[in-house]
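What follows is the residue order along each chain.
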Amino acid sequence: MPCRKKEVNTVPETFPTQAEASRPTMIDVARRAGVGLGTVSRVVNGGHGVREETAQRVRVAIEELGFRRNEVARALRPGKKSSSLALVLGDLTNPFYATIAKASLEVAGQSGFAVVLGSVDEDPEGEKRAIQELVSRQVAGLMIVPDQGDHSFLAGAGVPVVFVDRPAHGIEADIVMVDNEGGGRLATEHLLSQGHERIAILLAPSYYTTGRRLRGYRRAHRASHVDVDESLVVQLPEGNAEAAEKATFELMLRPDPPTALFASTNFLTEGVLRALRELGREPAVVGFDDFRLADMLPTPVTVVASDIAELGRSAARLLLDRASGEDTRPPQRIVLPCALIQRGSGERPPDSAADRKTR
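Just so we're clear, the structure is a prediction, and the values are computed from it rather than from any experiment.

Scoring rules and cut-offs
- Residues numbered from 1 in each chain as written.
- Predicted model: local features only at pLDDT ≥ 70, side-chain atom pairs only at ≥ 80, totals over all residues.
- Heavy atoms only, no water.
- Buried < 20%, exposed > 50% of the residue type's maximum accessible area, 1.4 Å probe, protein only.
- Helix = DSSP H or I, 4+ residues; strand = E, 2+ residues; numbered from the N terminus.
- Pairing = 2+ DSSP bridges.
- Contact = heavy atoms within 4.5 Å.
- Polar contact = N/O pair within 3.5 Å; in protein donor to acceptor, adjacent residues only side chain to side chain.
- Axes fitted to C-alpha atoms, helices over the stretch in contact; angles between N-to-C directions.
- Core = buried A, V, L, I, M, F, W, Y, C linked by side-chain atoms within 4.5 Å.
- Expected span 1.5 Å × (residues − 1).
- Phe/Tyr/Trp six-rings, centres within 6.5 Å; stacked < 30°, edge-to-face > 60°.
- Parallel < 35°, antiparallel > 145°, perpendicular 65-115°, else oblique.
- Left-handed = near helix turned anticlockwise from the far one by under 90°.

Where burial is concerned, the two faces of strand S10 (residues 302-305) agree: the one with Thr302 and Val304 and the one with Val303 and Ala305 are both buried. Summarising the sheet, strand S9 (residues 284-288) and S10 pair through three bridges and their orientation is parallel. Its bridge partner lying in S10, Gly287 is registered against Val303. The pairing of S10 with strand S12 (residues 339-341) spans three bridges and is antiparallel. Across the sheet, residue Ala305 finds its bridge partner in S12, namely Ala339.

Tracing the backbone shows Thr99 in helix H6 (residues 95-110). With 210 residues separating them along the chain, Thr99 and Ala309 place their C-alpha atoms 5.6 Å apart. In this structure Thr99 touches Ile308 and Ala309, once residues within four positions along its chain are discounted. Side-chain polar atoms of Thr99 contact the backbone oxygen of Pro95, separated by 2.7 Å.

Read from one edge of the open sheet, six strands run S7-S6-S8-S9-S10-S12, paired in mixed fashion. Of all strands in the sheet, those bounded by a partner on one side alone are strand S7 (233-235) and S12. Direction aside, the axes of adjacent strands within the sheet are offset by 20 degrees on average. The sheet contact formed by strand S6 (residues 199-203) and strand S8 (residues 260-263) spans four bridges and is parallel. Looking at the pairing, Ile199 lines up with Ala260 of S8. Sheet contacts for helix H10 (residues 241-252): S6, S7 and S8; angle to S6, the most-contacted strand, approximately 155 degrees. Sitting on the sheet, helix H11 (residues 266-279) is in contact with S6, S8 and S9, with an inclination near 160 degrees to S9.

This part is about the side chain of Ser119. Inspection of the secondary structure puts Ser119 in strand S2 (residues 114-119). Overall, Ser119 belongs to the buried group, its relative accessible area being 3%. Of the polar contacts made by the side chain of Ser119, one reaches the backbone oxygen of Gly90; its length is 3.2 Å.

Turning our attention to helix H3 (residues 37-44). Each α-helix turn comprises 3.6 residues. Residues three or four places apart therefore point the same way. Taken together, the buried positions of H3 are Leu37, Thr39, Val40, Ser41 and Val43. Contacts made by the buried residues of H3 are with helix H2 (26-33), helix H4 (52-65), H6 and helix H12 (308-324).

The biggest cluster of nonpolar side chains holds 59 residues, and the ones touching the most others in it are Val58, Leu85, Phe113, Met143 and Leu311. No other element matches the eight residues that H12 contributes to this core. What Val58 contacts, discounting residues up to four positions off in sequence, is Val29, Ala33, Val35, Thr39, Val40 and Val43.

Across its 13 residues, helix H7 (residues 124-136) extends 18 Å between first and last C-alpha, which sits within 8% of the 18 Å expected from 1.5 Å per residue. Structurally, H7 contributes buried residues whose contacts are with strand S1 (84-89), S2 and strand S3 (141-144).

Let us look at the packing of aromatic side chains. Each aromatic ring pair is summarised here by two numbers: the centre-to-centre distance and the angle between the ring planes. Taken as a whole and judged by the stated rule, the model has one aromatic pair. With a centroid separation of 5.4 Å and 75 degrees between ring planes, the pair formed by Phe96 and Tyr97 is classed as edge-to-face. Taking the relative accessible area as the measure of exposure, Phe96 reaches 15% and is therefore buried. Classification of Tyr97 as buried rests on a relative accessible area of 6%.

The next point concerns unusual backbone geometry. A positive phi angle is found at Asp289, which is not glycine, with a value near 85 degrees. Mapped onto the elements of the fold, Asp289 is located in the loop between S9 and S10. Look at Leu293: it is not a glycine, yet its phi comes out positive at around 70 degrees. Structurally, the position occupied by Leu293 is in the loop between S9 and S10.

What follows covers the packing of H2 against H4. Relative to each other, H2 and H4 sit at 120 degrees, their axes nearing to 9 Å. Classified by the angle between their axes, H2 and H4 sit oblique to one another. Helix-helix and strand crossings are classified by hand; for H2 and H4 the assignment is right-handed. Contacts between H2 and H4 pair Asp28, Val29, Arg32 and Ala33 from the former with Arg57, Val58, Ala61, Ile62, Glu64 and Leu65 from the latter.

Structure follows, in structure tokens:
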């Protein structure tokens, strides 16, 4: 969704001493021992699940190379091949992006990697500059929540890339994403099963994610042999609560208002709920993505949710495997499922949409 543009934020530069500059990384240990990066990480961190023979090879490699675990300073030095990963994503005040960042940092840290963050929202040129700056630091790999620009410039970057949440244009690379279409269909099927046939969908601007949710909405209608009223498909100019609130007022004040609303993001769900409270209306509501206190409202909110933290964890694990050379498969596409959480708002019958004052 569009937010204010931000300049890239990166971790301040730290220059190591000459001795630090010559220290080996976990990648060096993995190559010397002939094992994967994850195996080295488990041995270094005292984890389980490594055969003693393999663990001994790793310990010998550590001793021969003089590996020391503290690699942060070297990882942040521009121009040096480092044990750093880079993560480029949207506005970190958005809980969605903050959750991805936190999860990926945890996984990277467990393998002795630092993560350099770049925050750029809906600005293809700004995103390109941020990525090029991070690549110039010779990071071990990139995780990117891509904008809609052309990413073919990454093909010759010489660094593994994992895209998160949506695919990129111009390059074939690994991607970890949510089943947006399946989630959209799940939400709509649930409302149809409650007897609703006039279901409005509010869509935030997006070149991919909300478009796939709309596709799921349409598929559910077709499967139930219910025609879509195109006037109930609302493309919002902005992806914020204010735009959703305004659209909900307009929808519910029509002579033929919808009996149910499907908000395609958690920010839009917030705007829908504000408008309905002021109007005194109680149509069924299902939101996409859970949000804090959704279960604490007078009528708890039914949502379609996915494990956002797992997006970050899966992306970081896949990137670490690529960076170590352990994973040489063709580009992978990991799709995380969605689940419907029934709490009350999505289980209202069609006749609940009438003005409470007139019932």
